[in-house]
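Notes for the structure review
Here is how the chains run, residue by residue.
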Amino acid sequence: MENSSAFAEPLCIPYRSAGTAGIITKIRLENFMCHSSLQIELGEWINFITGQNGSGKSAILTALCVAFGCRARGTQRASTLKDFIKTGCSYAVVHVEMKNEGEDAFKPEIYGDTIIIERRISESTSSTVLKDHQGKKVASRKEDLQEIVEHFNIDVENPCVIMTQDKSREFLHSGNDKDKFKFFFKATLLQQVNDLLQSIRSNLDAANALVDELESSIRPILKDLKELQSKIKNMEHIEEISQQVDQLKKKLAWTHVHEIDKELQEQSAKVENYRNRVPACQAKINLHLGKMEDLMERLSKKKTHMASIMEKTSEVRRLKEELQNHLRMSTKERLELVEEHSRKLNLVEKLVEKVRWLEQQVGDIHEQHIQNTQAEECEIKKNLKGLQDEVDAAHLVLARLKDEENALSDSLSMGMDEIRKISSEIETYERRRREMSSHVRELLQHQTNKVTAFGGDRVISLLRAIERHCNRFKMPPIGPIGVHLSLIHGDTWAPCVENAIGKLLNAFIVNDHKDSLLLRGCAKEANYNHLQIIIYDFSRPRLDNRIPSKMLPQTQHPTTLSVLRTDNPTILNVLIDLGHAERQVLVRDYDVGKAVAFDKDIANVKEVYTLEGYKMFSRGSVQTILPPNKRTRTGRLCSSFDNQIKDLERDKVNVEEHAEQSRRKKRNAEEEIRNLQDKLQTAKRRRLNAERDLMSKQLAMKDVKDSYAAESSPAPASTVDELHQEISGEIQEKQILLEKLEVRMNEAESKVNELKLSFENLCVSANADIDAFGEAEREVELIEADLHAAEKGKIHYEELMTNRVLPEIKVEEANYQELKEKYEKSIKMASTICPESELEALGGCNGCSTDQLSDQVKRLTRILENESQKYADSIDDLRMMYEKKKRKIFRKQQTYEGFREKLNACQKALDLRWSKFQRNATLLKRQLTWQFNGHLRKKGISGQIKVSYEEKTLSVEVKMPQDASSGTVRDTRGLSGGERSFSTLCFALALHEMTEAPFRAMDEFDVFMDAVSRKISLDTLVDFALAQGSQWIFITPHDISMVKQGERVKKQQMAAPRS
């Protein structure tokens, strides 16, 4: 409980917005008590209602109590509700209107800015109806009315909220300390908290007693369990012997396997030894084979050498004849070269004589050329000038045709660019048409199943996978988030909200990490890649009502959170914690958004979104504006997709019309391009004809110039020079041929000498070849003898391998195979008894033989048979019985321990709350005394309130200023009526400051007061009411003219009662 005002500044009027919720604005009574029809409108601050006795003033407060669910006996005016019906009428109606604006409004999206409570009473029944600001029925249950009462903290039975005429008289007249304590205890809600704590304590005591009884019920079973455990221990010796027998049997089985394995290894070594003899024999055979191959190779080489020697002797004779022939031909060739050399030398000398004759002839021709005539030069120049004019005219025609061709080429290029541009427009229109068709199909699908708007067909598959695995989730996943959201004020803000929330619309929410892994597996099963999964505690309370107003954007523009509605508090919490929806402001256009985001410096604004799709935010000194994303499709949160589908269909028709217009333009442009291409081809042909004409005229002019130049040049002199150069070249060629002939003569001479030397060497080598042939015959005889010996050794080792080594290997391999089969069978039999890994855990065979282990098994089996006859039940049966009882007891013990832990935690929490309750009660006691004394000072009185929670008493001590010497008045009955009423009023105001309610009412609060006390009391009440801030309703039959009429004070006079 908080103190709503301070006495140090009683005249300070707090600011309160016009939208404070819970204030009573209108009361209308019909056939209620003495009123046939009464309607009274109340101000937001202080209301004084005066009138004569019997005018029905108190009926207004009684009607308020009845409207807010008070029983008839609680009003102290009737025993049943039908007693409130006016005499002669069959029903009564109480109609109360209260404000529902501001931050504390109750369900404003349902009720609007006004809540109407209407209670109708008839002879047999009564009903309560809750209506919204338009008068439409919203609810009619008592629980709904109780929810409103609890929301606004309206307790009409609390005297600090509504002090009726009877309570006021009882309170003012009562001098009993216990009655005052009850009043204080109830007004401060300590009575309610104390009763609740006492009820919890009694429930805890009953629960502790029940747990004690449950724990005592399992003690006999624990005793039986201990006896059964001792019996099992006595039988464990027999089980140990049985285990030893089983272990020895396992070791016996595997010992037999190991012995066979040992024999198998020995046999394998024996087989390997025999097999090693095969490579030795084969090596001997291969050695003799190698020798035979080597000797045969040497024999072949020797025979080849002998054949070559025999061929060489015959070759020598043939070479001798060839050398003689070559020698004769070389001598002949040398003689022919000498003769040709002398002939070429004579020819060179004749050419030199001819050169000297030509030089003399040149001088004669030069003198004759000077005498030629120059008569034809004028006519040639005239022809050249005419040809030049024709060439210039052809140049002009060609330039004009080239310009015309270039103009046509430029027009053709521009036409092609225009066609490409139109084709690009057509592709753009087609792409937009396909996108619109796709969007329409998606919207039709969304209209059929809204879930597909947030993930398409993949989310349908995912939801089916989640449904299949629903039992594996700790808490069922929530999603997609967009399916659980709807817009409050129509579809106006849909684009902004979707742009603000973004990818969170497709996300799923799980309770913990384990559920997220399971959901990821479901997504993989549904082929839903990159699914956004949010881990959030589902048990967290709703956050939107817990956000302080100072942490919200201080602007009239809506936020993302304010335009969304969802029935799931977890989704709302995720949008606040992760999406910051409460700090995202939505505006209509770009300019307003820019002003809100950057210019107005509004606190707590994270981002601003516009209907056009702009996103604006600032981080420090950096201001950022993100343009709309054209690829983003909005409208998924809209309540209906019909308008979007119609708009898209209309836009699609427009796009198709534009595309058809572009196609017509393209066809016209293509026709124009074809015409331009025909014109360009014609222009190119004309240009080529002009170029050929120009070329022919240029060639004709060149021929004329060349002929003129040829005629004007000294032709005879040039002819003589050419002859001189030709003869000189021929002389040089002949000289080169002479040098070559000399080289060939030298080569022929050296060749003759080489042939003579080769002939002499051939005659010497023929004698050496005859001696080498005899030596080769002796070596061949020795090689043939060694080859025969090697072949004999090879045959010996082959017979040894075939007759002895290979048969012995086959016999040993057969024995090995037999042992191997025996080993496999023994392993199979041993594995049925126990796996080999278990034998290793038992310590192996420890080197014991099969016979030793067999004897041990027999001895322990006899001992086991003798011991087992002493007990009727087997140890397995006893253990099963023990485990069964143990599990049963263990479950109960765990359950009871859980009960005990929870009860201890509840007891600890209760003790903590009880200590806090006592501390708060002490603080309230001090606060009451301080505030009571503060109100008394206004009349120059001091006092004190003593509260005893142990004795449940409350005493008021007042010290009057004129009785300063006589001490303190401990009993208010010792005061005058006015003084006692004023002190009691101060006590009531002190209690008012310690309670909270949207409105308060007091009836006949100024009874037994004189004029001075009433004046001071009224001033005190008015100042207190203005400072406290709630709505106040004061009802009195006395004159209140001393209270000034003002903006915050409203006076109303009830009509006089009819006689």
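Residues numbered from 1 in each chain as written. Predicted model: local features only at pLDDT ≥ 70, side-chain atom pairs only at ≥ 80, totals over all residues. Heavy atoms only, no water.

Points about the overall build of the chain
Along the chain, the regular secondary structure elements total 20 helices and 21 strands. Looking at the chain as a whole, 38% of its 1059 residues qualify as buried. The contacts in the chain between residues at least 6 apart in sequence include a share of 76% that link residues at least 24 apart. Split by element, the accessible area of the chain, about 63000 Å² in all, is 50% carbon and sulfur. (Helix = DSSP H or I, 4+ residues; strand = E, 2+ residues; numbered from the N terminus. Buried < 20%, exposed > 50% of the residue type's maximum accessible area, 1.4 Å probe, protein only. Contact = heavy atoms within 4.5 Å. Areas by Shrake-Rupley, 256 points an atom, 1.4 Å probe, with all protein chains shown as cover.)

Considering the packing of aromatic side chains
One pass over the structure, following the stated rule, counts eight aromatic pairs. A cation over a ring is seen here: Arg-201 above Trp-914, with NZ or CZ 5.7 Å from the ring centre. Positioned above the aromatic ring of Trp-45, the side-chain terminus of Arg-1048 is 4.2 Å from the ring centre. (Phe/Tyr/Trp six-rings, centres within 6.5 Å; stacked < 30°, edge-to-face > 60°. Lys NZ or Arg CZ within 6 Å of the ring centre and 35° of its normal.)

Digging into the pairing of strand β2 (residues 35-41)
Taken together, the six bridges between strand β1 (residues 24-32) and β2 define a ladder with antiparallel strand orientation. Within the sheet, the bridge partner assigned to Arg-28 lies in β2 and is Gln-39. In textbook terms, the turn of a hairpin is the stretch between consecutive antiparallel strands, and for β1 and β2 this stretch comprises two residues, one of which, Met-33, has a positive phi near 55°. (Pairing = 2+ DSSP bridges.)

As for the sheet that holds strand β13 (residues 584-587)
One open sheet accounts for four strands, arranged β13-β14-β15-β16; its pairing is mixed. Each end of this open sheet is capped by a strand with a single partner; those strands are β13 and β16 (622-626). If you compare each strand with its neighbour and ignore which way they point, the axes differ by 20° on average. Pairing analysis gives four bridges linking β13 to strand β14 (residues 607-610), with the strands arranged parallel. Bridged to Val-585 within β14 is Val-608. In the packing of helix α13 (residues 590-599) onto the sheet, the strands contacted are β13, β14, β15 (615-619) and β16, and the crossing angle to β15 comes to about 15°. (Axes fitted to C-alpha atoms, helices over the stretch in contact; angles between N-to-C directions.)

So, the packing of helix α9 (residues 457-468) against helix α11 (residues 513-525)
For the pair α9 and α11, interaxial distance at closest approach is 8 Å and the crossing angle is 130°. When the axes of α9 and α11 are compared, the pair comes out oblique. Considering only the axes of α9 and α11, their crossing is right-handed. Here Leu-462, Ala-465, Ile-466 and Arg-468 of α9 come into contact with α11, specifically with Leu-519, Cys-522, Ala-523 and Glu-525. Along the lines of polarity and charge, the residues of the contact of α9 with α11 split into six nonpolar, no polar and two charged. (Parallel < 35°, antiparallel > 145°, perpendicular 65-115°, else oblique. Left-handed = near helix turned anticlockwise from the far one by under 90°. Nonpolar A, V, L, I, M, F, W, Y, C, P; charged D, E, K, R; others polar.)

Description of helix α6 (residues 190-217)
Along an α-helix, residues three or four apart share an orientation, since each turn contains 3.6 residues. Given a rise of 1.5 Å per residue, 28 residues ought to cover 40 Å, and the 41 Å separating the end C-alpha atoms of α6 matches this to within 8%. Every buried residue belonging to α6 is among Leu-190, Asn-194, Leu-197, Leu-204, Asn-208 and Val-211, and all of these are buried. (Expected span 1.5 Å × (residues − 1).)

Things to note about the confidence of the model for the chain
Interpretation of this model should avoid reading the predicted coordinates in detail wherever pLDDT is low. Considering every residue of the chain, the mean pLDDT works out to 77; 80% of them sit at 70 or more. Counting contacts from residues 1-15, a segment whose pLDDT is below 50, to residues more than four positions away or on other chains yields 34 contacts. (pLDDT = per-residue confidence, 0-100.)

Side note on the packing of helix α5 (residues 177-187) against α6
Packed helices, taken two at a time, are described by their axes: the angle between them and the distance between them. One way to put it is that α5 packs onto α6 with a least axis distance of 5 Å and a crossing angle of 80°. By the angle class used here, α5 and α6 are roughly perpendicular. Between α5 and α6, the contacting residues are Phe-184, Phe-185 and Lys-186 on the first element and Leu-190, Gln-191 and Asn-194 on the second. The residue makeup of the contact of α5 with α6, split by class, is three nonpolar, two polar and one charged.

A few points about the environment of Thr-560
With respect to the helices and strands, the residue Thr-560 is situated in the loop between β11 (533-535) and β12 (564-565). The spatial distance from the C-alpha of Thr-560 to the C-alpha of Ala-581 is 5.1 Å, given a sequence separation of 21 residues. If we skip the residues at most four places from it in the chain, Thr-560 touches Val-497, Ala-500, Ile-501, Ala-581, Gln-584 and Leu-586.

Topic: the environment of Arg-619
Along the polypeptide, Arg-619 turns up in strand β15. Overall, Arg-619 belongs to the partly exposed group, its relative accessible area being 40%. Note: C-alpha distance between Arg-619 and Lys-606 (13 residues apart in sequence) is 9.0 Å. In this structure Arg-619 touches Lys-606 and Glu-607, once residues within four positions along its chain are discounted. Within the structure, Arg-619 has its side chain in polar contact with the backbone oxygen of Lys-606 (distance 3.4 Å). (Polar contact = N/O pair within 3.5 Å; in protein donor to acceptor, adjacent residues only side chain to side chain.)

Here's the deal with the side chain of Glu-430
Considering the arrangement of structural elements, one finds Glu-430 in helix α8 (residues 377-448). Discounting chain neighbours no more than four positions away, the residues touching Glu-430 are Ala-659 and Arg-663.

Let's talk about a negative patch on the surface
On the surface, a cluster of negative charge is made up of Glu-259, Glu-263, Glu-266, Asp-851 and Asp-855. At the level of elements, α7 (219-369) and α17 (850-868) are the ones that each hand at least two residues to the negative patch. The element best represented in the negative patch is α7, accounting for three residues. When you line up the elements, Glu-263 lands in helix α7. Accessibility expressed as a relative area gives 41% for Glu-263, which makes it partly exposed. (Patch = residues over 30% accessible without salt bridge, like charges linked within 9 Å, V, L, I, M, F, W, Y side chains within 5 Å. Salt bridge = Lys/Arg side-chain N within 4 Å of Asp/Glu carboxyl O. Lys, Arg positive; Asp, Glu negative; His and termini not counted. Charge placed at Lys NZ, Arg CZ, Asp CG, Glu CD.)

Side note on the sheet that holds strand β3 (residues 46-50)
Read from one edge of the open sheet, five strands run β8-β19-β20-β3-β21, paired in parallel fashion. Because the sheet does not close on itself, it has two edges, and the strands there are β8 (162-163) and β21 (1049-1053). Of the pairings in the sheet, the one linking β3 to strand β20 (residues 1031-1036) comprises five bridges and is parallel in character. Along β20, the bridge assignment pairs Asn-47 with Ile-1033. Packed onto the sheet, helix α1 (residues 57-67) meets β3, β8, β19 (999-1003) and β20 and runs at close to 140° relative to β19.

A short note on unusual backbone geometry
The peptide bond linking Gly-479 to Pro-480 adopts the cis configuration, its omega dihedral lying at -10°. In this structure, Pro-480 sits in the loop between α9 and β9 (486-487). Of note, Met-33 is a non-glycine position whose phi angle comes to about 55°, a positive value. Structurally, Met-33 is set in the loop between β1 and β2.

Looking at the pattern of salt bridges
Following the criterion strictly, the structure yields 19 salt bridges and no others. A salt bridge links Lys-107 to Glu-147; the nearest nitrogen and oxygen atoms lie 3.7 Å apart. Of this pair, Lys-107 sits in the loop between β4 (91-99) and α2 (108-111) while Glu-147 sits in helix α3 (residues 142-152), and the two are 40 residues apart along the sequence. Overall, the relative accessible area of 32% leaves Lys-107 in the partly exposed class. For Glu-147, a relative accessible area of 32% puts it in the partly exposed group. For Glu-660, the salt bridge goes to Arg-663, with nearest N and O atoms at 3.3 Å. Placement of both Glu-660 and Arg-663 in helix α14 (residues 642-712) is noted, with a separation of three residues, approximately one turn of the helix. Among the residues examined, Glu-660 registers a relative accessible area of 32% and is labelled partly exposed.

Considerations on a positive patch on the surface
A cluster of basic residues, Lys-884, Arg-887, Lys-888 and Arg-891, forms a positive patch on the protein surface. Residue placement: Arg-891 occurs in helix α18 (residues 875-936).

Regarding the pairing of strand β17 (residues 942-948)
Sheet analysis places β17 next to strand β18 (residues 953-959), joined by seven bridges and oriented antiparallel. Following the sheet pairing, Gln-944 is matched in β18 by Glu-957. In this antiparallel pair of consecutive strands, β17 and β18, the connection spans four residues, and Lys-952 shows a positive phi of 55°.

A few points about the environment of Ile-945
Tracing the backbone shows Ile-945 in strand β17. Residue class for Ile-945 comes out buried when judged on its relative accessible area of 3%. Between the C-alpha atom of Ile-945 and that of Ser-955, which follows or precedes it by 10 residues, the distance is 5.8 Å. Setting aside its immediate chain neighbours within four residues, Ile-945 contacts Leu-928, Thr-929, Phe-932, Leu-954, Ser-955, Val-956 and Phe-987.

Quick word on the nonpolar core
Ile-46, Phe-48, Phe-184, Leu-928, Leu-954 and Phe-987 are the most contacted members of the largest nonpolar core, which has 49 residues in total. Take this core: its biggest share by element is eight residues, from α18. Excluding residues that lie within four positions of it along the chain, Leu-928 makes contacts with Phe-184, Ile-945, Leu-954, Phe-987, Ala-990, Leu-991 and Met-994. Grouped together as the second largest cluster of nonpolar side chains are 48 residues, Val-94, Met-98, Ile-117 and Phe-152 included. (Core = buried A, V, L, I, M, F, W, Y, C linked by side-chain atoms within 4.5 Å.)

Some details on α5
For α5, the complete set of buried residues consists of Lys-180, Phe-181, Phe-183, Phe-184, Phe-185 and Ala-187. Following α5 by one or two positions, Leu-189 adopts a phi angle in the positive range, close to 65°.

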